[in-house]
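One-letter residues, chain by chain:
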Amino acid sequence: MHKDSVEFTEIDQKWMKQALSLAETAATRDEVPVGAVLISSSQEIWAEAYNRREELQSPMGHAELLALDTASRSQKSWRLPHSTLYVTMEPCVMCAGALLQARVQRVVFGCLDPKGGAVQSFFQIFDEPKMNHQVFYQGGLFADESRNLLQKFFQKKRQEKK
């Protein structure tokens, strides 16, 4: 469920800056620069991650999935209610599905992913009323910064191919 009317808080900005820092780390490791931070309702970091598909040679190496896995292990539960995920790019279908399965309460993301976003752009999975769990979401926090990281990364990749 989309939260249009709610402003981003200073706390939201703090955690998204941390996710952006993780995305920058991903870029330095030649990974698509996406970072994610999962926090509890008491503002405790349950997990932080960045994309590691190349390093792990796994389609499961998305920042969101790695954060969910780490948090589930530390909390000793696959259910992560009352948590918020901050991620620099709109989650894909796989990640949105995992966020639903983990019962994450809220997702805050940076830029849209018009080619594969499953929250707002291409699909709207969190808005499906038949789902057994509802995830609140807000997009656009530090969207320009997130988008710029991705654009620079892919520009560099294209130049390397020449």
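Just above, that's the structure.
All figures in this text were calculated on a predicted structure; none of them were measured in a lab.

Parameters at a glance
- Residues numbered from 1 in each chain as written.
- Predicted model: local features only at pLDDT ≥ 70, side-chain atom pairs only at ≥ 80, totals over all residues.
- Heavy atoms only, no water.
- Helix = DSSP H or I, 4+ residues; strand = E, 2+ residues; numbered from the N terminus.
- Rg over C-alpha atoms; globule rule 2.2 N^0.38 Å.
- Buried < 20%, exposed > 50% of the residue type's maximum accessible area, 1.4 Å probe, protein only.
- Contact = heavy atoms within 4.5 Å.
- Areas by Shrake-Rupley, 256 points an atom, 1.4 Å probe, with all protein chains shown as cover.
- Lys, Arg positive; Asp, Glu negative; His and termini not counted.
- Charge placed at Lys NZ, Arg CZ, Asp CG, Glu CD.
- Phe/Tyr/Trp six-rings, centres within 6.5 Å; stacked < 30°, edge-to-face > 60°.
- Polar contact = N/O pair within 3.5 Å; in protein donor to acceptor, adjacent residues only side chain to side chain.
- Patch = residues over 30% accessible without salt bridge, like charges linked within 9 Å, V, L, I, M, F, W, Y side chains within 5 Å.
- Salt bridge = Lys/Arg side-chain N within 4 Å of Asp/Glu carboxyl O.
- Pairing = 2+ DSSP bridges.
- Axes fitted to C-alpha atoms, helices over the stretch in contact; angles between N-to-C directions.

A. Region of the structure containing the overall build of the protein chain. A tally of helices and strands in the protein chain yields five helices and five strands. The linear arrangement of helices and strands in the protein chain, starting from the amino end, is α-β-β-α-α-β-α-β-β-α. Over its C-alpha atoms the protein chain spans a radius of gyration of 15 Å, differing by no more than 12% from the 15 Å that the globule rule assigns to 162 residues. Principal-axis analysis of the C-alpha atoms places the extent of the protein chain at approximately 50 × 35 × 30 Å. Burial status across the protein chain gives 46% buried among its 162 residues. Sequence separation of 24 or more characterises 60% of the internal contacts of the protein chain that already satisfy a separation of 6 or more. For the protein chain, the accessible area works out to roughly 8,900 Å², and carbon and sulfur atoms hold 51% of it. Placing the 20 positive and 20 negative side-chain charges of the protein chain at their respective mean positions leaves the two points 4 Å apart.

B. Focus on the packing of aromatic side chains. All chains considered together, the criterion is met by three aromatic pairs. Ring geometry for phenylalanine 153 against phenylalanine 154: centres 5.1 Å apart, planes inclined by 85°, an arrangement best described as edge-to-face. Phenylalanine 153 sits in the buried class, given a relative accessible area of 8%. Overall, the relative accessible area of 35% leaves phenylalanine 154 in the partly exposed class.

C. Focus on the side chain of histidine 133. Examined against the element boundaries, histidine 133 turns out to sit in the loop between β4 (106-111) and β5 (136-139). For histidine 133, a relative accessible area of 16% corresponds to the buried category. A distance of 2.8 Å separates a polar side-chain atom of histidine 133 from the backbone oxygen of valine 104. Histidine 133 has contacts with Leu100, Arg103, Val104 and Gln105, leaving out every residue within four places of it along the chain.

D. The arrangement of a nonpolar patch on the surface in detail. Judged by side-chain polarity, Val93, Phe122 and Phe123 come together as a nonpolar surface patch covering roughly 280 Å² of accessible area. Positionally, phenylalanine 122 belongs in the loop between β4 and β5.

E. Highlighting the sheet that holds β5. Overall, mixed pairing links the five strands, which are arranged β2-β1-β3-β4-β5 in an open sheet. The sheet is open, and its two borders are formed by β2 (45-50) and β5, each paired with just one other strand. Here the strands of the sheet are splayed against their neighbours by 10° on average, with no regard to which way each runs. Contacting β3 (83-89) and β4, helix α5 (residues 143-161) runs over the sheet at an angle of about 60° to β4.

Remember that the coordinates give geometry; whether it matters functionally is a separate question.
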